[in-house]
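A look at the structure
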Amino acid sequence: MDDEVSMTPPAATLPRALATEAVHAGRDDLASLGLHAPPIDLSTTYPSHDSRAEAMRIDAFATTGARPDGPPVYARLDNPTTARFETALARLEGAESAVAFASGMAALSAVLLARASQGLRHVVAVRPLYGCSDHLLGAGLLGTEVTWTDPAGIADAIRPDTGLVMIETPANPTLAEIDIRAVAHACGSVPLLVDNTFATPVLQRPLEHGARIVLHSATKYLGGHGDVLGGVVACDEAFAATLRQVRFATGGVLHPLAGYLLLRGLSTLPVRVRAASASAAELVRRLTADPRIARVHYPRIGGAMISFEVYGDPHRVIAGVRLITPAVSLGSVDSLIQHPASISHRIVEEGDRRASGVGDRLLRMSVGLEDVEDLWADLCQALSDGPLPSARPAGQPLGASAGR
C-alpha cells in the first residue's frame, strides 16, 4: 500500500557510543578542513556560472528530493550548517537521514503533507499528544482526518487511506508510556511516527523498536538552552527525500544559526539528560511522600519531566515559585513549570483533554540542572501557599504512577 517509507529498519547499533556520537557526529570533517568548531554558513544564495549544470541539479532535486551534490544552490533547498545538525541527529537516532525544519510543528506539518500528497490523508493517533499536535490533527487544517483511539484499537482504526499512526511516548503532559514495538506491529505497513521529544535518543530510540519516523521539537532537549526554535524528523532516506521537497515548496526551513546552536546542543545532550533525570527522580521520590500531592506521574524509562496533581490550587503553585520559571516549553538547563490545562493543552477541547488525563490540578515540570535541594526548597514554599489536605480521599493511592 505504501512505498514512500521503506520497511527496512535501520541498523540497530551505533558504530560508536552515544556520548561519542553526540560530540563528534556532524563534525567528522572538521580536522581535514583545519577547523575545530563547526562553521556557520549564513548565505541565502550561492554563485554558479554554469546555468545549464545548475538547471540539471535543480531538476534532479525536483525529481528525487536528494540533497544536491556540490555546492548549495539556495538556502531554502539546503544549507551546510543545517546539514551538519541533520547528520548528527540521524546518527543519534540510528536513522538513515534526518530533515530539519523551523519548528517542531513545521516538522509535523511536513510529514502530514508528505503523506497527504500520496492520497493518504487519514491519521490514527493516541492521546495525549502535545496540544498543538492534537489541534493540527483534529482541526483538519492540512486536509487530514484523524481517528483517535487507544493503543489496543490501532489495528482496527487503520483504513486503506491511512497514511500515518502517531503516538507520543512518554506523552505530553501525563508522561504515559506506550509499548512502541507492540504498536508498530499493529500498524502493519502503515508507518508509525513517534514523538520522541521527551525521551530523546538518550533514553529511547524508537526506530529500534519498529517505528519508521521519529519527530522532535528540537526547541526542547536537543537545543537545551531555551534559545533556539527548531524541529527535526529522523527517518529513512526515501521519506527524507519527500520531506525535503515539501520543505523546499513550503519554506519551513531551519535557519543556519539555529542549526549551529542545535548541533552544539547535541554535544552535551547525554550529560544534560542524565543529570537532569537524576534530579527529577529524587524530586519524584519526595513529591510521592508529600501529603500536599495527590499523585505523581513519572515514566518507567526515567527522564527529566515530572507531572503531579496537587490537592491545593495549582495556579497558586505557579504563582509561588521563585527559582523555577513559570513558563511554557521544556528541556532547558533551567527548570520550568506550567499548568497544561491553561497553557500547552488549552487548545484541546475540554472533554478530550480531561479524558486523556490532563486534569485541572495537573502541573508539568521540566527539571533542569540546578541543585536538587534548591529546586525542592522552591517547590516546598510554593506548595505551602496552598491548603494541606485533612485526609486523602478513600481509595486515593499515595505514590508515583509510572506511565498512568
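Everything in this summary refers to the structure shown in the same document. Fair warning: this is a prediction, and the values are worked out from it, not measured in the lab. (Residues numbered from 1 in each chain as written. Predicted model: local features only at pLDDT ≥ 70, side-chain atom pairs only at ≥ 80, totals over all residues. Heavy atoms only, no water.)

Focus: helix 3 (residues 80–93)
Going by this rule: Counting from the N terminus, the helices are DSSP H or I runs at least four residues long and the strands are E runs at least two residues long. Expected helix span is taken as 1.5 Å per residue step, with the number of steps being one fewer than the number of residues. Summary of the burial criterion: residues with accessible area below 20% of their type's maximum are buried, those above 50% are exposed, and those between are partly exposed, where the area comes from a 1.4 Å probe applied to protein chains only. We define a polar contact as two N or O atoms separated by no more than 3.5 Å, with the added condition that, inside protein, one atom must be a possible hydrogen donor and the other a possible acceptor, whereas residues neighbouring each other in sequence contribute only through side-chain atom pairs.
Across its 14 residues, helix 3 extends 20 Å between first and last C-alpha, which sits within 8% of the 20 Å expected from 1.5 Å per residue. Taking burial as the measure, the 14 residues of helix 3 include 11 buried ones, the bulk of the element. Every buried residue of helix 3 is accounted for by T81, T82, A83, R84, F85, E86, A88, L89, A90, L92 and E93. Where helix 3 starts, the residue carrying a side-chain oxygen 2.9 Å from the main-chain nitrogen of T81 turns out to be N79. Immediately downstream of helix 3, the backbone of G94 shows phi near 70°, a positive value.

Topic: unusual backbone geometry
Of the consecutive residues R127 and P128, the connecting peptide bond is found in the cis state with omega at 0°. Mapped onto the secondary structure, P128 falls in the loop between strand 2 (122–125) and helix 5 (131–139). At L175, a position not held by glycine, the phi torsion is positive, near 65°. Assignment of secondary structure puts L175 in the loop between strand 4 (162–168) and helix 7 (180–187). Using a relative accessible area of 1% as the deciding quantity, one classes L175 as buried. Phi at T200 takes a positive value of approximately 65°, unusual for a residue other than glycine.

With respect to helix 9 (residues 237–250)
Helix length check: helix 9, at 14 residues, gives a terminal C-alpha distance of 20 Å against a target of 20 Å (1.5 Å per residue), a fit within 8%. Of the positions making up helix 9, those classed as buried are F239, A240, A241, T242, L243, R244, V246 and R247. Taken from the residues just after helix 9, G251 is the one with a positive phi, measuring 80°.

Some details on empty space enclosed by the protein
Put simply, the rule reads: Within this scheme a cavity is a closed region of a 1 Å grid, computed over the protein atoms alone, that accommodates a 1.4 Å probe without allowing it to escape, whereas a pocket is open but has protein on both sides within 12 Å along at least five of seven lines; lining residues each have an atom within 4 Å of a point. Grid points are joined across faces, edges and corners, and a volume is the space filled by probe spheres set on the points. Throughout, the ten residues Ala, Val, Leu, Ile, Met, Phe, Trp, Tyr, Cys and Pro are labelled nonpolar, Asp, Glu, Lys and Arg are labelled charged, and all others, Gly among them, are labelled polar.
Overall, the coordinates contain 5 cavities of 30 Å³ or more when judged by the stated rule. Estimates place the volume of the largest cavity at around 60 Å³. Together, A75, R76, L77, D78, N79, T82, E86, R247, V253 and L254 line the largest cavity. Grouping the constituent residues of the lining of the largest cavity by class yields 4 nonpolar, 2 polar and 4 charged.

Regarding the sheet that holds strand 3 (residues 145–148)
Inclusion rule: Paired strands, as defined in this entry, are two strands with at least two bridges between them according to DSSP. Orientation is described by axes fitted as lines to C-alpha atoms, over the contacting stretch for helices, and by angles from 0 to 180 degrees between their N-to-C directions. Any two residues whose heavy atoms approach within 4.5 Å are treated as being in contact.
Judged by pairing direction, the sheet is mixed, and its 7 strands sit side by side in the order 1-7-6-5-4-2-3 without closing on themselves. Among the strands making up the open sheet, the edge pair consists of strand 1 (97–101) and strand 3. Taken over all neighbouring pairs, the strand axes of this sheet differ in orientation by 20° on average, direction set aside. Looking at chain direction, strand 4 and strand 5 (residues 192–195) are connected through 4 bridges and run parallel. Each bridged residue has a counterpart across the sheet, and for E168 the counterpart in strand 5 is D195. Along the sheet face, helix 3 touches strand 1, strand 6 (213–217) and strand 7 (231–235) and points at about 130° away from the line of strand 1. Helix-sheet contacts for helix 4 (residues 104–116) involve strand 1, strand 2, strand 4, strand 5, strand 6 and strand 7, and the interaxial angle to strand 6 is about 150°.

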